[in-house]
Every structure is written in C-alpha cells, then in structure tokens.
Amino acid sequence: MSKVLAVYQKELGQYFRSPIAYFAVAVFLIGTGYFFTYNIFLTGIATMTETFQSMAILLLLVLPAVSMRLFAAEHESGTMELLQTLPLQPWQLVLGKFLGAVTILLLMTAGSMIDLVPLYLFGHPETSTILAGFIGFFLLGMACLAIGQFFSSLTENQIVAALVTVSVLLAFWFVGHLESFQTSYVLRSLFAYLSFSAHFAQFVLGLIRSEAVMFFAVVIAMALTLNASYLEWRR
Amino acid sequence: MIALESVSKKYGARTVVQDLSFTVEKGEIVGFLGPNGAGKTTTIRMIAGYITATSGRVTVGGNDMASAQQKAARLIGYLPERPPLYDNLDVRSYLRFVARIKEVPRSSVDIEMERVARACRLEDVFRKEIFKLSKGYRQRLGLAQALLGEPEVLLLDEPTIGLDPGQIQETRSVIQEFGKDRAVLISTHILPEVTLICQRVAIINHGRLLAIDTPEGLQRAAEESAIVALRVGGETRALRQALLAVDGVTAVDVEEADGDLIAQCRIDDRSGIEAAIARAVAPHFDLHRLERRQPTLESVFLHYINERETTEAAA
C-alpha cells in the first residue's frame, strides 16, 4: 500500500500545483451555491432534493476536467515511460491516481455542505434524507471519476479525454429516457438499470438501497479494472 | 546482467528490431550506436520493460521481462530519451516519489536523495519547481532519478543531450564511477563518448546488430580497409603501377592537386606496409608526405553501416 500512497501523494501535489483542481472546485461550488439559492427561494421548502439533481448534472460536466489529466498528461509528458518501468503494479498506479481524484471530489462534497448551514438555521430539513443524498452524490462522483480515468488512459490528449468522458457520462445519465421507447422488456430493463439518474434518484429520496450502492460499486470496479488491464495490455 | 536472445519487435508488418542478441555483464559499460531509427530506443525500452518483445527473450538479472518484469524493475535505473519529469513538482518531491516507488527504505530516502543530487550536481535547484529548470538540469535530474536506489543495471538513452561540455564531463564521470560494479547500457550519437567510457560497443542499424566488440577491436576489424595516403611529385600512371606492385596494396586512387599527386592506397592488415610503400616510391618520385589513416570510431561506424547497406542493396 505504500506505493499506492506514494502515487496518491504525488497526484495531490500535482493537483494543488495546477489551476485545474482549483478551477473545477470553484466552478462546482459557485454552481451549487447558485442552484441551492434558486431552489430554496423558488420552493420555499428546506430541502436539498432539487439541489442534489442540479449538483449531479454539474458533477458530470466538471469531473471530466479533474479526471482528464490523470493518464493523458502522463502520456503527453513522457512520464508514463517512468511509471511503467518502475517497480509499480498497474493496479497500484490506478488506485493511487483514483484516490487522488476522489480527494478532490471529497473537497467538492465538503464545500457544498456549506449550503446546509442556512438550511438548518432557517428550516427543519430531514437529516437522513440529506445524508443519503450526499452518499449517492459521492458514489456517483466516484463512478464518474473512474470512467474519466479510464478514458484518460486511452489518449495523450486531455481535451479528447474530457470530451469523451462527458459524452459517456451524459449517455449514462440520460439512457433511462430511452426506456419508454422500447417494446422489448429486456431492453427496457437494461436501459433502466444502466441509468445513473435512476439510481441516484433513490439516494436523493433518502433511500440507500443495496442495489444502487452495488450498481455504483460495480461501475467503479469495472472502470478501474479496465484501466489497469489496459495499462498491462499496452506494454 | 542484461541478456537479449534473438529478440525481435514488430509493429504490424514493420519490423523495428530483428533477431538481436547480446549481453551486458556486471562491471561493464556498453555503448549502443546506430543512426536515427536504427532501433536503439526500442531495444532499450524492451530491456527497461516499457514494451515487450514480439519474439525472443530479454532478461535482466536473470529475470525474464515477459514474466517477471516487476522483479527485474527493482534492478533497473532507466533514463529515457526524454527525461520523464513532472513539471509542476519540485525536484525534492519528484526524487522522493521515485525513491518511494523504488522501495528505498523510508529511513534512508533523504540520504539517498542527497547522494544522487550531489552526484548529478542538483544541490542548487533541490527545492526548485521542475518547470523552472534549464535543459541541462532537467537532463541531470532524469539521470538522478535513474541512479536512485543504486540499481544493478543502468539504461541510459542519450544521457548527455542538452548538456554543456563541463556538464558532459561530469556526467561521464558519474556514469564511469557507477559502471565500475554495475551493468550500464548507453545509447548515444556522440562517438567520442563511446571511446571514452565504454568497454564495448554495439552497432545497430535497421534493427539488426552489425557488430559488438571493444572500441579497439572494432577499429582493428575495420583496418582491413585502412588507407595509406601519400603526396608525391611525378607521373600518375607510373605512380599507380609502383604502388600496386607493393605486396599488401589492394587498390589505388590517384588524383592531382596543386601540381602534386595525392594517392590513396587501400591496404590489407599486415604490418610494415607503410615502409614498403615508402621504399617503392622514394627512389622514383619526390615523396612529400606519407601517412597511415587510422580508422576512427566514426569511420568504423560508417564502415559497418555502409557495408550493411551495400550488402542489402546487392541482395
């Protein structure tokens, strides 16, 4: 685990020495603050439900900017040659980088919790619902980062990595809408199951269902495994 | 320490390295020479474990790079052609990261970092961010990371590119010192560098090994085509006949220059041939100058490269 930690610390060092992490966190927090204020004044109800939906969409657009550099920058700068010739297993590299990006997500999540201050000051929100929403938000974010990290390993170009990731994430978010166009039961079930928004919606409603947790866990594990396997195969 | 057995690398239909076999022993510095696109970097990358061979076997310290790459990686220090640096880290953080991945014990990381920084003269920039470093410092930092953890095998792809003469001298000293009890393979274009620091030289072109020997051995082998040049006064035809009559002279080129004749005799490798030529020429011609042109490593290199190309063209 010490090598995973070394990669993790290097990633954090790089994130905080480049403007991308600050920019991504700032855009996300400003956006979240705007949606929170808008939703509270519009509905007059002390709830995070609407804000969570907006935060999720914002996440799909902002996180690719965090994940795009993870491997694409290594390819571009030639440091991948160092990483792949050091005594470092692909899974250690993949996990260390993933944890680095998850730390940025954690900062975003923690920063967005500032919205809870006025919510608790002036209203009586349901703590368990909010907690479930944040858990869902964090799981969704981790799945987005794992997918983004995988696509980042496929290209040297960070912009290409970000654009492909945004496209794939939006496809996963909206795939549930295709359900109503299908006559086949199998396809309807498949589209419904693959929908990020459908699984996330359960958390927003305050439900932490094992099926939804497992769904995101499987997506994360699959993306990270693909990532490590690709690095091994590339050699 | 390093052994390549019939190693080939193909990218689709294109063969970049073909049937390459050689070894580098402990305590030996081997220079890897070849023109651009000869397959030097691909070969070094295969030894470093960055890419795998299409066929054949690469072993480092007895570990097969195809099945025990991680074990072999612990023995290797590698400086790629382009130093693999993280611009937004500082020198210290970068070296610390590499040291930790190379499993340098936590208690000796600082000592090890100081050792390589001193060897590569990086003390002045130890806390500087890498993007602020000059090309020379970047190259030296790349070498420093390769030296971290005292690897048994050092692979250097163009290690002195971008360095000024003083730095080149220092880097050579570092490599020579390091190579005393380790195996070092250096790819370079700088021929004097090979003569100065390498015990053996491997010449590669179009992915094939053309020759591997000591620099002196390669020069001796190329002496078959050594040349004795002379400047004389006299008549062209008579001079040519006189020279061709000397035992050991295989071919003669004569041309006029400023009223004199410049003759180039291609000779075989027997000794004392210059004296025989002088004896044959001096009584009948005004002999102004006679010299044997020793093949330099550069001419040896070109000899092997051109010989191969001529053979291939004929085939």
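Each remark here, short or long, concerns the structure printed above.
Residues numbered from 1 in each chain as written. Chains lettered and ligands numbered in written order. Predicted model: local features only at pLDDT ≥ 70, side-chain atom pairs only at ≥ 80, totals over all residues.

## Considering the overall build of chain B
Thought 1: Helices and strands together make up the secondary structure of chain B, namely eleven helices and 14 strands.
Thought 2: The C-alpha radius of gyration of chain B comes to 25 Å, more than 25% above the 20 Å expected for a compact globule of 315 residues.
Thought 3: Seen through its principal axes, chain B has C-alpha atoms that stretch 80 × 45 × 30 Å.
Thought 4: Residues classed as buried in chain B amount to 40% of the 315 residues present.
Thought 5: For chain B, restricting intrachain contacts to residue pairs at least 6 apart in sequence, the fraction spanning at least 24 positions comes to 67%. (Helix = DSSP H or I, 4+ residues; strand = E, 2+ residues; numbered from the N terminus. Rg over C-alpha atoms; globule rule 2.2 N^0.38 Å. Buried ≥ 20, exposed ≤ 12 C-beta atoms within 10 Å, placed from the backbone. Contact = placed C-beta atoms within 7 Å.)

## Describing the packing of helix H6 (residues 90–112) of chain A against helix H12 (residues 210–234) of chain A
What describes two packed helices is the angle between their axes and the distance between those same axes.
Residues and elements named next belong to chain A.
Thought 1: Running from N to C, H6 and H12 point in directions that differ by 135 degrees, and their axes come no closer than 9 Å. Here H6 is positioned oblique relative to H12, judged by the angle of their axes. Considering only the axes of H6 and H12, their crossing is right-handed. Within the contact between the two elements, H6 uses Pro90, Trp91, Leu93, Val94 and Phe98 and H12 uses Leu224, Asn227, Ala228, Leu231 and Glu232.
Thought 2: Each residue belonging to the contact of H6 with H12 can be placed in one class, and the counts come to eight nonpolar, one polar and one charged. (Axes fitted to C-alpha atoms, helices over the stretch in contact; angles between N-to-C directions. Parallel < 35°, antiparallel > 145°, perpendicular 65-115°, else oblique. Left-handed = near helix turned anticlockwise from the far one by under 90°. Nonpolar A, V, L, I, M, F, W, Y, C, P; charged D, E, K, R; others polar.)

## Digging into the sheet that holds strand S5 (residues 63–64) of chain B
All names here are of chain B.
Thought 1: Pairing in this open sheet of four strands is antiparallel, and the strands run S2-S1-S4-S5 from one edge to the other. Edge positions in the sheet fall to strand S2 (14–24) and S5, since each has one partner strand and no second.
Thought 2: Sheet topology note: the strand S1 (residues 2–11)/S2 ladder contains seven bridges and is antiparallel. Following the sheet pairing, lysine 9 is matched in S2 by valine 17. (Pairing = 2+ DSSP bridges.)

## Thoughts on the sheet that holds strand S12 (residues 249–257) of chain B
All names here are of chain B.
Thought 1: One open sheet holds the four strands; their spatial order is S12-S13-S11-S14, and the pairing between them is antiparallel. Two strands close off the open sheet at either side, each with one partner strand: S12 and strand S14 (286–293). Averaged over all neighbouring strand pairs, the angle between strand axes comes to 20 degrees, with direction disregarded.
Thought 2: Looking at chain direction, S12 and strand S13 (residues 260–267) are connected through eight bridges and run antiparallel. By the bridge assignment for S13, valine 254 is matched with alanine 263.
Thought 3: Packed on one face of the sheet, helix H9 (residues 236–244) meets strand S11 (227–233), S12 and S13 and runs near 155 degrees to S12.

## Digging into unusual backbone geometry
Residues and elements named next belong to chain B.
Thought 1: Of note, the phi angle at glutamate 103 is positive, near 65 degrees, even though the residue is not glycine.
Thought 2: With a phi close to 55 degrees, arginine 121 is a non-glycine residue in the positive phi region.
Thought 3: Residue placement: arginine 121 occurs in the loop between helix H4 (109–119) and helix H5 (135–147).

## Concerning the interface of chain B and chain A
Thought 1: On the side of chain A, 19 residues touch chain B, which itself brings 22 residues to the contact.
Thought 2: Those elements that provide at least two residues to the side of chain B that touches chain A are helix H2 (69–73), strand S6 (76–79) and helix H3 (91–101) of chain B.
Thought 3: The leading source of residues in the side of chain B that touches chain A is H3(B), at four residues.
Thought 4: By residue class, the composition of the side of chain B that touches chain A is twelve nonpolar, five polar and five charged.

## Quick word on the pairing of strand S4 (residues 55–60) of chain B
All names here are of chain B.
Thought 1: Sheet analysis places S1 next to S4, joined by five bridges and oriented antiparallel. If you follow leucine 4 over to S4, its bridge partner there is valine 58.
Thought 2: In the sheet, S4 pairs with S5 via two bridges, with the strands oriented antiparallel. Of the residues in S5, the one forming a bridge with threonine 59 is aspartate 64.

## Things to note about the nonpolar core
Thought 1: One finds A:Leu140, A:Ala143, A:Ala146, B:Ala144, B:Leu155 and B:Leu185 to be the most contacted residues of the largest nonpolar core, which totals 144 residues.
Thought 2: Residue contributions to this core peak at 13 residues, all from helix H8 (residues 127–153) of chain A.
Thought 3: Sequence-distant contacts of A:Leu140, defined by excluding residues within four places in its chain, comprise A:Ala56, A:Leu59, A:Phe196, A:Phe200 and A:Phe216.
Thought 4: Grouped together as the second largest cluster of nonpolar side chains are 14 residues, B:Val232, B:Leu243, B:Ile267 and B:Ile277 included. (Core = buried A, V, L, I, M, F, W, Y, C linked by C-beta atoms within 7 Å.)

## Some words on H4(B)
Residues and elements named next belong to chain B.
Thought 1: Within the span of H4, buried status applies to Met113, Val116 and Ala117. Taken down its axis, H4 places every buried residue within 105 degrees of arc, on the same side. In this structure, H4 carries Ile111 and Arg118 as exposed residues pointing more than 90 degrees from its buried face.
Thought 2: Turning to H4, the residues buried within the fold contact H3 and H5.
Thought 3: Trailing H4 by a residue or two, arginine 121 shows a phi angle of about 55 degrees, which is positive. (Arc of directions from axis to C-beta.)

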